[in-house]
Amino acid sequence: GQNIDQPTEMTATEGAIVQINCTYQTSGFNGLFWYQQHAGEAPTFLSYNVLDGLEEKGRFSSFLSRSKGYSYLLLKELQMKDSASYLCAVRDEGYGGATNKLIFGTGTLLAVQP
Amino acid sequence: DVKVTQSSRYLVKRTGEKVFLECVQDMDHENMFWYRQDPGLGLRLIYFSYDVKMKEKGDIPEGYSVSREKKERFSLILESASTNQTSMYLCASSLGGEGNQPQHFGDGTRLSIL
(Lines give C-alpha, C1' and ligand atoms only; values in the text may rest on other atoms or scores of the structure.)
Protein backbone atom coordinates (compact mmCIF):
# COMPACT_ATOMS: atom_id res chain seq x y z
CA GLY A 1 0.00 0.00 0.00
CA GLN A 2 0.85 3.66 -0.13
CA ASN A 3 1.62 5.36 3.15
CA ILE A 4 3.10 8.72 4.07
CA ASP A 5 3.53 9.71 7.72
CA GLN A 6 4.06 13.16 9.18
CA PRO A 7 3.51 14.52 12.69
CA THR A 8 0.10 16.12 13.01
CA GLU A 9 1.16 19.26 14.83
CA MET A 10 4.32 21.04 15.92
CA THR A 11 5.03 24.23 17.85
CA ALA A 12 8.17 26.35 17.63
CA THR A 13 9.41 29.77 18.67
CA GLU A 14 10.03 32.74 16.44
CA GLY A 15 13.69 32.88 15.38
CA ALA A 16 14.30 29.20 16.10
CA ILE A 17 14.87 26.22 13.80
CA VAL A 18 12.30 23.46 13.28
CA GLN A 19 12.53 20.12 11.48
CA ILE A 20 9.41 18.47 10.06
CA ASN A 21 9.85 14.78 9.30
CA CYS A 22 8.18 12.65 6.66
CA THR A 23 8.47 8.89 6.19
CA TYR A 24 7.01 7.05 3.24
CA GLN A 25 6.30 3.54 1.99
CA THR A 26 5.15 3.65 -1.62
CA SER A 27 5.13 1.18 -4.49
CA GLY A 28 7.19 3.55 -6.63
CA PHE A 29 9.27 6.66 -6.11
CA ASN A 30 10.08 9.42 -8.55
CA GLY A 31 10.71 12.37 -6.27
CA LEU A 32 9.41 14.01 -3.10
CA PHE A 33 7.79 17.43 -2.83
CA TRP A 34 7.13 19.75 0.09
CA TYR A 35 4.26 22.22 -0.02
CA GLN A 36 3.19 25.00 2.34
CA GLN A 37 -0.48 25.70 2.91
CA HIS A 38 -1.76 28.66 4.93
CA ALA A 39 -5.24 28.32 6.38
CA GLY A 40 -7.89 28.85 3.72
CA GLU A 41 -5.34 29.12 0.91
CA ALA A 42 -3.93 26.94 -1.85
CA PRO A 43 -0.86 24.77 -1.25
CA THR A 44 2.27 26.38 -2.68
CA PHE A 45 5.37 24.51 -3.82
CA LEU A 46 8.44 24.73 -1.55
CA SER A 47 10.98 22.11 -2.60
CA TYR A 48 11.72 18.96 -4.57
CA ASN A 49 14.16 16.11 -3.87
CA VAL A 50 14.82 13.12 -6.10
CA LEU A 51 18.41 12.28 -5.12
CA ASP A 52 19.72 11.67 -1.62
CA GLY A 53 20.99 14.70 0.22
CA LEU A 54 20.14 18.23 1.18
CA GLU A 55 18.59 20.88 -1.04
CA GLU A 56 18.83 24.41 0.33
CA LYS A 57 16.62 27.29 -0.69
CA GLY A 58 16.99 30.34 1.50
CA ARG A 59 15.57 29.73 4.99
CA PHE A 60 14.12 26.39 3.88
CA SER A 61 16.05 23.16 3.27
CA SER A 62 14.84 19.69 2.44
CA PHE A 63 16.64 16.39 2.90
CA LEU A 64 16.01 12.97 1.36
CA SER A 65 17.21 9.45 2.13
CA ARG A 66 15.69 7.03 -0.39
CA SER A 67 17.09 3.93 1.33
CA LYS A 68 15.34 4.92 4.56
CA GLY A 69 12.16 6.26 2.95
CA TYR A 70 12.69 9.47 4.87
CA SER A 71 12.67 13.19 4.28
CA TYR A 72 12.65 16.30 6.40
CA LEU A 73 11.94 19.96 5.86
CA LEU A 74 14.13 22.34 7.86
CA LEU A 75 12.94 25.87 8.52
CA LYS A 76 15.48 28.34 9.92
CA GLU A 77 15.01 31.78 11.50
CA LEU A 78 11.34 31.10 11.98
CA GLN A 79 8.92 33.93 11.37
CA MET A 80 5.30 34.26 12.44
CA LYS A 81 4.24 34.00 8.79
CA ASP A 82 5.69 30.45 8.69
CA SER A 83 2.69 29.29 10.72
CA ALA A 84 1.00 26.96 8.22
CA SER A 85 0.49 23.34 7.27
CA TYR A 86 3.41 21.60 5.57
CA LEU A 87 2.55 18.80 3.18
CA CYS A 88 4.89 16.02 2.14
CA ALA A 89 4.07 14.38 -1.21
CA VAL A 90 5.68 11.50 -3.10
CA ARG A 91 5.57 11.33 -6.88
CA ASP A 92 4.29 7.96 -7.99
CA GLU A 93 6.10 6.00 -10.67
CA GLY A 94 3.02 4.05 -11.63
CA TYR A 95 2.47 5.68 -15.02
CA GLY A 96 6.06 5.89 -16.19
CA GLY A 97 6.42 9.41 -14.96
CA ALA A 98 4.06 10.74 -17.57
CA THR A 99 1.47 12.14 -15.26
CA ASN A 100 3.26 13.49 -12.18
CA LYS A 101 0.69 11.89 -9.89
CA LEU A 102 1.38 12.74 -6.24
CA ILE A 103 0.54 10.92 -3.01
CA PHE A 104 0.12 13.36 -0.14
CA GLY A 105 0.64 12.97 3.58
CA THR A 106 -1.96 14.45 5.91
CA GLY A 107 0.23 17.47 6.64
CA THR A 108 1.93 18.95 9.70
CA LEU A 109 0.37 22.04 11.25
CA LEU A 110 3.17 24.30 12.48
CA ALA A 111 2.43 27.02 14.99
CA VAL A 112 5.13 29.66 15.45
CA GLN A 113 4.89 31.46 18.77
CA PRO A 114 6.44 34.81 19.73
CA ASP B 1 3.27 33.01 -12.70
CA VAL B 2 1.01 30.04 -13.15
CA LYS B 3 -2.63 30.83 -12.56
CA VAL B 4 -5.12 28.13 -11.68
CA THR B 5 -8.60 29.53 -11.29
CA GLN B 6 -11.54 27.73 -9.71
CA SER B 7 -14.95 29.11 -10.53
CA SER B 8 -16.27 29.46 -6.97
CA ARG B 9 -14.70 29.86 -3.51
CA TYR B 10 -17.87 28.82 -1.70
CA LEU B 11 -20.80 26.78 -2.96
CA VAL B 12 -23.91 25.44 -1.25
CA LYS B 13 -26.01 22.76 -2.96
CA ARG B 14 -28.73 20.31 -2.01
CA THR B 15 -28.65 16.53 -1.82
CA GLY B 16 -29.35 14.95 -5.18
CA GLU B 17 -28.34 17.96 -7.26
CA LYS B 18 -25.86 17.66 -10.10
CA VAL B 19 -22.92 19.91 -9.26
CA PHE B 20 -20.26 21.27 -11.60
CA LEU B 21 -16.89 22.57 -10.36
CA GLU B 22 -14.81 24.33 -12.97
CA CYS B 23 -11.05 24.82 -13.15
CA VAL B 24 -9.03 26.78 -15.69
CA GLN B 25 -5.23 27.08 -15.99
CA ASP B 26 -3.37 29.57 -18.14
CA MET B 27 0.04 27.90 -18.57
CA ASP B 28 -0.66 25.28 -21.25
CA HIS B 29 -0.10 22.47 -18.75
CA GLU B 30 -0.72 18.91 -19.92
CA ASN B 31 -1.73 17.50 -16.54
CA MET B 32 -4.70 18.53 -14.43
CA PHE B 33 -5.95 17.10 -11.15
CA TRP B 34 -8.92 17.23 -8.81
CA TYR B 35 -8.47 16.60 -5.08
CA ARG B 36 -10.62 16.84 -2.04
CA GLN B 37 -9.15 17.90 1.28
CA ASP B 38 -10.69 16.83 4.58
CA PRO B 39 -9.37 17.30 8.15
CA GLY B 40 -7.19 14.39 9.20
CA LEU B 41 -7.27 12.82 5.74
CA GLY B 42 -5.16 15.24 3.76
CA LEU B 43 -5.39 15.66 0.01
CA ARG B 44 -6.97 12.73 -1.80
CA LEU B 45 -6.91 12.43 -5.57
CA ILE B 46 -10.32 12.07 -7.24
CA TYR B 47 -9.46 12.17 -10.95
CA PHE B 48 -6.67 13.40 -13.14
CA SER B 49 -6.09 14.05 -16.82
CA TYR B 50 -2.86 14.04 -18.83
CA ASP B 51 -4.32 15.26 -22.11
CA VAL B 52 -7.46 16.61 -23.69
CA LYS B 53 -10.33 14.11 -23.48
CA MET B 54 -8.15 11.77 -21.39
CA LYS B 55 -8.98 10.96 -17.79
CA GLU B 56 -7.79 8.55 -15.14
CA LYS B 57 -9.35 7.56 -11.84
CA GLY B 58 -7.58 8.60 -8.70
CA ASP B 59 -7.99 7.07 -5.26
CA ILE B 60 -11.60 8.10 -4.58
CA PRO B 61 -13.50 8.45 -7.88
CA GLU B 62 -16.84 7.07 -6.70
CA GLY B 63 -19.68 9.55 -7.08
CA TYR B 64 -17.64 11.85 -9.34
CA SER B 65 -16.93 12.26 -13.03
CA VAL B 66 -14.75 14.67 -14.98
CA SER B 67 -14.58 16.35 -18.36
CA ARG B 68 -11.64 17.78 -20.27
CA GLU B 69 -12.78 19.09 -23.62
CA LYS B 70 -10.13 21.80 -23.83
CA LYS B 71 -6.54 21.73 -22.58
CA GLU B 72 -6.99 24.64 -20.20
CA ARG B 73 -10.23 23.49 -18.56
CA PHE B 74 -10.94 20.54 -16.28
CA SER B 75 -14.40 20.09 -14.80
CA LEU B 76 -15.42 17.97 -11.83
CA ILE B 77 -19.01 16.73 -11.77
CA LEU B 78 -20.89 15.39 -8.77
CA GLU B 79 -23.57 13.32 -10.47
CA SER B 80 -25.98 13.29 -7.50
CA ALA B 81 -24.57 15.24 -4.58
CA SER B 82 -24.60 13.66 -1.15
CA THR B 83 -23.77 15.09 2.28
CA ASN B 84 -20.54 13.08 2.47
CA GLN B 85 -19.26 15.08 -0.48
CA THR B 86 -19.14 18.22 1.65
CA SER B 87 -15.48 19.14 1.46
CA MET B 88 -12.80 21.50 0.17
CA TYR B 89 -12.09 20.75 -3.50
CA LEU B 90 -8.74 21.69 -4.97
CA CYS B 91 -7.75 21.74 -8.62
CA ALA B 92 -4.10 21.57 -9.72
CA SER B 93 -2.13 21.54 -12.95
CA SER B 94 1.42 20.65 -13.96
CA LEU B 95 3.64 20.24 -16.99
CA GLY B 96 3.96 16.72 -18.35
CA GLY B 97 7.05 14.57 -18.58
CA GLU B 98 9.78 13.65 -16.12
CA GLY B 99 11.50 15.81 -13.63
CA ASN B 100 10.68 18.28 -10.94
CA GLN B 101 7.40 19.57 -12.31
CA PRO B 102 5.42 20.75 -9.29
CA GLN B 103 1.68 20.86 -9.24
CA HIS B 104 0.19 24.35 -9.03
CA PHE B 105 -3.04 24.67 -7.08
CA GLY B 106 -6.11 26.83 -7.30
CA ASP B 107 -7.56 28.53 -4.21
CA GLY B 108 -10.12 25.80 -3.69
CA THR B 109 -13.90 25.54 -3.60
CA ARG B 110 -15.51 24.91 -0.23
CA LEU B 111 -18.60 22.89 -1.12
CA SER B 112 -21.42 22.27 1.33
CA ILE B 113 -24.14 19.75 0.51
CA LEU B 114 -27.29 20.21 2.59
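Up top is the structure.
Calculation notes
Residues numbered from 1 in each chain as written. Chains lettered and ligands numbered in written order. Predicted model: local features only at pLDDT ≥ 70, side-chain atom pairs only at ≥ 80, totals over all residues. Heavy atoms only, no water. Helix = DSSP H or I, 4+ residues; strand = E, 2+ residues; numbered from the N terminus. Rg over C-alpha atoms; globule rule 2.2 N^0.38 Å. Buried < 20%, exposed > 50% of the residue type's maximum accessible area, 1.4 Å probe, protein only. Areas by Shrake-Rupley, 256 points an atom, 1.4 Å probe, with all protein chains shown as cover. Lys, Arg positive; Asp, Glu negative; His and termini not counted. Charge placed at Lys NZ, Arg CZ, Asp CG, Glu CD. Contact = heavy atoms within 4.5 Å. Pairing = 2+ DSSP bridges. Axes fitted to C-alpha atoms, helices over the stretch in contact; angles between N-to-C directions. Phe/Tyr/Trp six-rings, centres within 6.5 Å; stacked < 30°, edge-to-face > 60°.

### A short note on the overall build of chain B
Reasoning step 1: Along the backbone of chain B there are zero helices and 11 strands.
Reasoning step 2: From first element to last, N terminus to C terminus, chain B shows the α and β order β-β-β-β-β-β-β-β-β-β-β.
Reasoning step 3: By the compact-globule yardstick of 13 Å for 114 residues, chain B fits well, its C-alpha radius of gyration being 13 Å.
Reasoning step 4: The dimensions of chain B, computed from C-alpha atoms along their principal axes, are 40 × 30 × 25 Å.
Reasoning step 5: The buried share of chain B, reckoned over its 114 residues, is 46%.
Reasoning step 6: When the accessible surface of chain B is split by element, carbon and sulfur atoms take 49% of a total near 5,500 Å².
Reasoning step 7: If the 15 positive side-chain charges of chain B are averaged to one point and the 16 negative ones to another, these points end up 7 Å apart.

### Examining the overall build of chain A
Reasoning step 1: Within chain A, the regular secondary structure consists of zero helices and 11 strands.
Reasoning step 2: N-terminal to C-terminal, the α/β element order of chain A is β-β-β-β-β-β-β-β-β-β-β.
Reasoning step 3: Projected onto its principal axes, the C-alpha positions of chain A cover 45 × 30 × 20 Å.
Reasoning step 4: Here the analysis covers contacts within chain A between residues at least 6 apart in sequence; of these, 57% occur between residues at least 24 apart.
Reasoning step 5: Summing over all exposed atoms, chain A offers an accessible surface of approximately 5,200 Å²; the carbon and sulfur share of this is 50%.
Reasoning step 6: Taken together, the 8 basic and 11 acidic charged side chains of chain A have centroids lying 5 Å from each other.

### Some remarks on the environment of Ile20(A)
Reasoning step 1: Structurally, Ile20(A) is set in strand E3 (residues 18-25).
Reasoning step 2: The contact partners of Ile20(A), leaving out residues within four places of it in the chain, are Met10(A), Trp34(A), Ser71(A), Tyr72(A), Leu73(A), Leu75(A), Tyr86(A) and Thr108(A).

### Focus: the pairing of strand E7 (residues 60-65) of chain A
A regular strand carries its side chains on alternate faces of the sheet.
Residues and elements named next belong to chain A.
Reasoning step 1: Within E7, five of the six residues are buried, leaving the element largely enclosed by the surrounding structure.
Reasoning step 2: Direction of pairing for strand E6 (residues 53-57) relative to E7: antiparallel, over a ladder of five bridges. Counterpart to Lys57 in the pairing with E7 is Phe60.
Reasoning step 3: Here E6 folds back onto E7, and the loop between the two strands holds two residues, one of which, Gly58, carries a positive phi near 65°.
Reasoning step 4: Sheet analysis places E7 next to strand E8 (residues 70-75), joined by six bridges and oriented antiparallel. Counterpart to Ser65 in the pairing with E8 is Tyr70.

### What about the sheet that holds strand E1 (residues 4-6) of chain B?
Residue and element names in this part refer to chain B.
Reasoning step 1: Read across the sheet, four strands follow the order E1-E3-E8-E7 without closing on themselves; strand pairing throughout is antiparallel. Edge strands, defined here as strands with exactly one partner in the open sheet, are E1 and strand E7 (64-70). Pairwise comparison of adjacent strand axes, ignoring direction, gives a mean angle of 20° for this sheet.
Reasoning step 2: The sheet contact formed by strand E3 (residues 19-25) and strand E8 (residues 73-78) spans six bridges and is antiparallel. Looking at the pairing, Glu22 lines up with Ser75 of E8.

### Describing the packing of aromatic side chains
Residues and elements named next belong to chain A.
Reasoning step 1: Counted by the stated rule, this structure contains 16 aromatic pairs over all chains.
Reasoning step 2: With a centroid separation of 4.7 Å and 50° between ring planes, the pair formed by Phe33 and Tyr48 is classed as tilted. Of this pair, Phe33 sits in strand E4 (residues 32-37) while Tyr48 sits in strand E5 (residues 44-49); the two residues are 15 residues apart in sequence, bridging distant segments of the chain. A single burial state applies to Phe33 and to Tyr48, both of which are buried.

### Side note on the side chain of Gln85(B)
Reasoning step 1: Inspection of the secondary structure puts Gln85(B) in the loop between E8 and strand E9 (87-94).
Reasoning step 2: Discounting chain neighbours no more than four positions away, the residues touching Gln85(B) are Arg36(B), Glu62(B), Gly63(B), Tyr64(B), Leu78(B), Ser80(B), Leu111(B) and Ile113(B).

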